Amino acid sequence: MDFTQLTSEPLHEQAYATLRNALLAGRLSPGQSLTIRGLGASLGISATPVREALQRLIAEGALELAANRTIQVPVMTRSRFVEVTEIRLRLERFAAEAATTHADVALCDQLQTLSKRMHAAISEGRFPDYLADNQNFHFLIYEASGLPYLQQLIGLCWLRTGPWLNRLAQEGRFHAIANEEHDNMIAALRRGDAQAVSEATVRDISEAATVLIELLPS
């Protein structure tokens, strides 16, 4: 597991952000064990800031402390996934609707660039790159909502589902529809159509969830 090494203060914040992004983008796998020493070596920092970052992620439910004191990425059950997905559908459609009134040409052009990159990543089989751009795509929209607490709640949901997203890499059904709704979201944002943005967001989440839930343990 390789991360860009950190060099400036505050290191615990940088370690937290790096690990959080890795979870959001599916770079860490469900059930994967993490060690303070191993992460410190990958990040190029001492144990103390790594420990603080891990404690914060454990408090947020993104990581868990197993019975043997091992830190690991939680395993998602179907029932928990359904719960988180229902919450996401409500929160993210609200954020997308709120973002519509603030979306300008620059934002839409930035989203279009990400969409093109995602199309290329899918066609070339670069699924980790797709997931990273997918995360950026959605959170750029949610940031435009101007509702920081809502963004925080959405982020907590993504931290729980992110590690499972790599399971979609083997699903051809998902690849066929993965980016279509993103383009619909961009078109709706350009028109200022909040309802269309909301509907495309719901379809995007629901279509991925329909495929992913079949892969989860019951």
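Not measured: the values here are computed from a predicted model. Residue positions are given per chain, counting from 1 as you read along its sequence in written order. Only residues with pLDDT of 70 or above have their local features reported here, since the model is predicted, and side-chain atom pairs are shown and tallied only from 80 upward, although totals for entire chains, interfaces and linings are computed over all residues. Water and hydrogen atoms play no part in the side-chain values, which are based on all heavy atoms of the structure.

Asker: So what exactly am I meant to see when it comes to the overall build of the protein here?
Answerer: Within the protein one finds ten helices and three strands. Counting from the N terminus, the helices are the DSSP runs of H or I reaching at least four residues and the strands are the DSSP runs of E reaching at least two. For the protein, the N- to C-terminal ordering of α and β elements is α-β-α-α-β-β-α-α-α-α-α-α-α. The globule rule used here is 2.2 Å times the number of residues to the 0.38 power, and the radius of gyration it is set against is calculated over C-alpha atoms. A globule of 218 residues ought to have a C-alpha radius of gyration of about 17 Å, and the protein, at 18 Å, matches this closely. Along the first, second and third principal axes, the C-alpha set of the protein runs to 50 × 40 × 35 Å. Relative to its 218 residues, the protein shows a buried fraction of 46%. Accessible surface, the protein: about 10,600 Å² in total, of which carbon and sulfur atoms supply 51%. Within this scheme the basic residues Lys and Arg register as positive and the acidic residues Asp and Glu register as negative, but His and the chain ends are omitted. Charged groups are reduced to one reference atom each: NZ for lysine, CZ for arginine, CG for aspartic acid, CD for glutamic acid. Averaged over its 20 positive side-chain charges, the protein has a centre that lies 5 Å from the centre of its 25 negative ones. A simple rule labels every residue: compare its accessible area, found with a 1.4 Å probe on the protein chains alone, to the largest value its type can have, and call it buried under 20%, exposed over 50%, or partly exposed in between. Accessible surface is estimated by sampling points in the Shrake-Rupley manner with a 1.4 Å probe; for residues, cover comes only from the protein chains shown.

Asker: What is the right way to look at the pattern of salt bridges in this model?
Answerer: Any two side chains of opposite charge can pair if their charged atoms end up close together. Salt bridge criterion: a side-chain nitrogen from Lys or Arg within 4 Å of a carboxyl oxygen from Asp or Glu. Summed over all chains, the structure comprises ten salt bridges. Here R117 ties to D133 by a salt bridge, and the two come within 2.7 Å at their closest N and O atoms. One end of the pair, R117, is in helix α5 (residues 105-123); the other, D133, is in helix α6 (residues 127-143), and 16 residues separate them in sequence. By relative accessible area, R117 is classed as partly exposed at 44%.

Asker: Please explain the packing of α6 against helix α9 (residues 180-191) as it appears in this structure.
Answerer: Between two packed helices, what matters for the description is the angle formed by their axes and the separation of those axes. Between N-to-C directions, angles span 0 to 180 degrees; the directions come from axes that are lines fitted to C-alpha atoms, helices contributing only their stretch in contact. Interaxial distance between α6 and α9 falls to 12 Å at its minimum, and their mutual angle equals 25°. In this view, α6 runs roughly parallel relative to α9, as classed from their interaxial angle. The way α6 lies across α9 gives a crossing that is left-handed. Taken together, the residues of α9 that come into contact with α6 (itself represented by Y130, N134, F137, H138 and I141) are H182, M185, I186 and L189. In the scheme used here, Gly and all other residues not listed as nonpolar or charged are polar, with Ala, Val, Leu, Ile, Met, Phe, Trp, Tyr, Cys and Pro taken as nonpolar and Asp, Glu, Lys and Arg as charged. In terms of residue class, the contact of α6 with α9 is built from six nonpolar, three polar and no charged. Any angle between 65 and 115 degrees counts as roughly perpendicular, while under 35 counts as roughly parallel, over 145 as roughly antiparallel, and the rest as oblique. Should the near helix be turned counterclockwise from the far one by less than a right angle, the crossing is left-handed, whereas a clockwise turn marks it as right-handed. Any two residues having at least one pair of non-hydrogen atoms within 4.5 Å are treated as being in contact.

Asker: Mind showing me how you'd approach the packing of aromatic side chains here?
Answerer: The geometry of an aromatic ring pair is captured by two quantities: the separation of the ring centres and the angle between the planes. Within 6.5 Å between ring centres, the rings of Phe, Tyr and Trp (the latter by its six-membered ring) count as paired, and their orientation is classed by plane angle as stacked under 30 degrees, edge-to-face over 60, tilted in between. Using the criterion set out here, one finds three aromatic pairs in the structure. Relative to Y130, the ring of F127 has its centre 5.6 Å away and its plane inclined at 20°; by these criteria the two rings are stacked. Taken together, the residues span about one helical turn, with F127 and Y130 both in helix α6 at a distance of three residues. For Y130, a relative accessible area of 2% puts it in the buried group. Between F139 and Y142, the aromatic rings sit 5.8 Å apart at their centres with planes inclined by 75°, giving edge-to-face as the arrangement. Placement of both F139 and Y142 in helix α6 is noted, with a separation of three residues, approximately one turn of the helix. One exposure class covers both F139 and Y142, and it is buried.

Asker: Honestly, helix α4 (residues 78-100) in this entry has me stumped. Any pointers?
Answerer: Residues that lie three or four places apart on an α-helix share one face, since the helix turns once every 3.6 residues. In a helix, the anticipated span is given by 1.5 Å times the number of residues less one. If you check α4, its first and last C-alpha atoms are 32 Å apart, about what 23 residues at 1.5 Å a residue would give, namely 33 Å. Those residues of α4 that fall on the buried side of the exposure criterion are F81, V84, T85, R88, L89, L91, E92, A95, A96, A98, A99 and T100.

Asker: Is there a simple way to think about the sheet that holds strand β2 (residues 64-65) in this case?
Answerer: Pairing between strands is defined by DSSP: at least two bridges between them are needed. Spatially, the three strands line up as an open sheet ordered β1-β3-β2, and their pairing is antiparallel. Looking at which strands have only one partner, the edges of the open sheet turn out to be β1 (33-34) and β2. Here β2 runs beside strand β3 (residues 71-72); their pairing, made up of two bridges, is antiparallel. Note that in β3 the partner of L65 across the bridge is I71.

Asker: Explain the nonpolar core to me, please; I cannot follow it from the model alone.
Answerer: Nonpolar side chains tend to gather and get buried jointly when the protein is soluble and globular. Here, the term nonpolar core denotes a set of buried Ala, Val, Leu, Ile, Met, Phe, Trp, Tyr and Cys residues that are joined through side-chain atoms within 4.5 Å. By size, the foremost hydrophobic cluster in this structure holds 64 residues, and its most contacted members are L23, L54, L63, L111, F137, I141 and I154. Counting residues per element, this core draws most heavily on α6, at eight residues. Excluding anything up to four places from it in sequence, L23 contacts L28, L57, A62, L63, V73, L159, G162 and P163.

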